[in-house]
Structures are given as structure tokens and as C-alpha cells.
Amino acid sequence: MKTCRKVTRQPPTSSYMRASNLGHIPDQIAWNATKRGVAATKVKSAYSSQECHVCHYVDRKNRPNQQTFCCQVCGHTTHADVNASRNLAARLHDAELRACTTRHEVKALLMRRHEQWKQIVGLVVVQPPVQLGLWACSETSTDVG
Ligand SMILES: [Zn+2]
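Model, not experiment: these values are computed from the prediction. Once a new chain begins, its residue numbering starts again from 1 and follows that chain's sequence as written. Local features in this predicted model are restricted to residues whose pLDDT is 70 or higher, and side-chain atom pairs enter the listing and the counts only when it is 80 or higher, whereas totals over whole chains, interfaces and linings include all residues. Only hydrogens and water are removed before side-chain values are computed, so all heavy atoms of the structure are retained for them.

**Quick word on the overall build of the protein chain**
Then, in step 1: Broken down by element type, the protein chain carries 6 helices and 2 strands.
Then, in step 2: A run of H or I in DSSP becomes a helix once it reaches four residues, and a run of E becomes a strand once it reaches two; helices and strands are each numbered from the N terminus. Written out in order from the N terminus, the α and β elements of the protein chain read α-α-β-β-α-α-α-α.
Then, in step 3: Looking at the protein chain as a whole, 26% of its 145 residues qualify as buried.
Then, in step 4: Note on definitions: a residue-residue contact is assigned when non-hydrogen atoms from the two residues lie within 4.5 Å. Within the protein chain, contacts between residues separated by at least 24 positions form 53% of all contacts whose residues are at least 6 apart in sequence.
Then, in step 5: Of the roughly 10,800 Å² of accessible surface on the protein chain, a fraction of 57% belongs to carbon and sulfur atoms. Categorising residues by exposure relies on relative accessible area from a 1.4 Å probe, with only protein chains included: less than 20% of the type maximum marks a residue as buried, more than 50% marks it as exposed, and the intermediate range marks it as partly exposed. Computed by Shrake-Rupley with a 1.4 Å probe, the accessible areas treat only the displayed protein chains as cover when residues are assessed.

**A few points about the coordination of the zinc ion**
Six octahedrally arranged donors around a metal ideally form angles of 90 or 180 degrees; four tetrahedrally arranged donors ideally form angles of 109.5 degrees.
Then, in step 1: Each metal's donors are the N, O and S atoms found within 2.8 Å of it, except that Na, K and Ca use a 3.2 Å limit; water is left out, so coordination can look incomplete. In the first shell of the zinc ion, the protein supplies Cys52 (SG), Cys55 (SG), Cys71 (SG) and Cys74 (SG), at 2.3 Å from the metal.
Then, in step 2: All geometry calls rest on donor angles, where a four-donor set with angles between 85 and 135 degrees is tetrahedral, four- and six-donor sets with opposite donors more than 155 degrees apart and all others between 65 and 115 are square planar and octahedral, and all else is irregular. Coordination at the zinc ion is tetrahedral: its 4 donor atoms span angles of 101 to 119° at the metal.
Then, in step 3: When the donor residues of the zinc ion are listed from N- to C-terminus, their spacing reads C-x2-C-x15-C-x2-C. Residue Cys55 is found in the loop between α2 (25-36) and β1 (68-70), and its partner Cys71 is found in the loop between β1 and β2 (77-79); the two are separated by 16 residues along the sequence. Taken as a pair, Cys55 and Cys71 share a single burial class, namely buried.

**Overview of the nonpolar core**
For soluble globular proteins, nonpolar side chains are generally found buried alongside one another.
Then, in step 1: Residues belong to one nonpolar core when they are buried, are Ala, Val, Leu, Ile, Met, Phe, Trp, Tyr or Cys, and are joined through side-chain atoms within 4.5 Å. In terms of nonpolar packing, the biggest core is built from 8 residues, these being Ala46, Tyr47, Val58, Leu97, Cys100, Val106, Leu109 and Leu110.
Then, in step 2: Ranked by residue count, the leading element in this core is helix α5 (residues 103-124), at 3 residues.
Then, in step 3: Once residues lying within four places of it in the same chain are set aside, the contact partners of Leu110 are Ala46, Tyr47, Glu51, His56, Val58, Arg91 and Leu97.
Then, in step 4: Counting 6 residues, the second largest nonpolar core, distinct from the first, contains Tyr57, Phe69, Cys71 and Ala80.

**Points about the environment of Thr102**
Then, in step 1: Its location among the elements puts Thr102 in the loop between α4 (95-98) and α5.
Then, in step 2: The exposure class assigned to Thr102 is partly exposed, which follows from its relative accessible area of 38%.
Then, in step 3: Considered as a pair, Thr102 and Ala46 are 56 residues apart in the sequence and their alpha carbons are 8.9 Å apart.
Then, in step 4: The definition of a polar contact used here is a pair of N or O atoms within 3.5 Å, where within protein one atom must be able to donate a hydrogen and the other to accept one, and adjacent residues in sequence count solely through side-chain atom pairs. A distance of 3.1 Å separates a polar atom in the side chain of Thr102 from the backbone nitrogen of Glu105.

Bear in mind that shape data such as this cannot, by itself, settle questions of function.
Here it is in C-alpha cells:
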């Protein structure tokens, strides 16, 4: 288990004020998007606050407190809102995730992606030459150290 440092940065007070009226946020977003002539697109939010943006590992323990995100697998640590917003942005064009119909399917997909991440990371790990037997010690070695 990774040791996490606490992220102490607080969002601005105005964020808390806006968050106290969560029911109006979708309407406000639609109104603001129309006003600015841009599209507002809904994305699935399931597990966006628990998913690691780096390795896709999903766990409640990734959130030791309200502000901190700390992945229990890869150690990625940032403000929880930053991690969640990156996940949401990445989901904008994610057809595979959009096809999920339940939270259970979303979590299963994210955990499959985590397993893929583990395989990719495992493939790029370079074994030390000594373990491969390529650089056996010899008197003709040019190694300095
Ligand atoms: Zn991670």
C-alpha cells in the first residue's frame, strides 16, 4: 500500500457556495453553454471521483479525505477535484464507457482498463542486464563503476 501525502489546497470559497445548490447546476451549465454558443455534453460520472486518472484503479480508499486523491496502486496524488475533472474530460469521447448501462458495468470496465495498464507497465520494465546474463563480469569489461 502506498503512503499518501495530504493535499491541503482548498478550492475557493465561491466553489462551496455554488456546490450548496447542486440541483440547479445542470440548468446553469445548459444556460451558460447556450449563451456562449458551445455544446454541453453529459458524461457518465460513476466512479469519476474514485478512479485513478493514471492507472484507472477504482477504490474508495483512493480518497483518504475530501480534498485528497491518492491511488492505492500507483501512488498518483493530487487534489481530488483535479483527478475527477480529468476523468470526466477523458470520458467525453469514450464510447465504450458510454455504452455501459449500470454502475456495475462502469466499474468492471474501469477495472479491466486497470488490468491493461498493469500489463503495459509490466512490459516496459527493463530487467537489469545482470539478470539477463548479457553482461557477465569479465576482466575485459569496460565498466567504470
Ligand atoms: Zn493509480
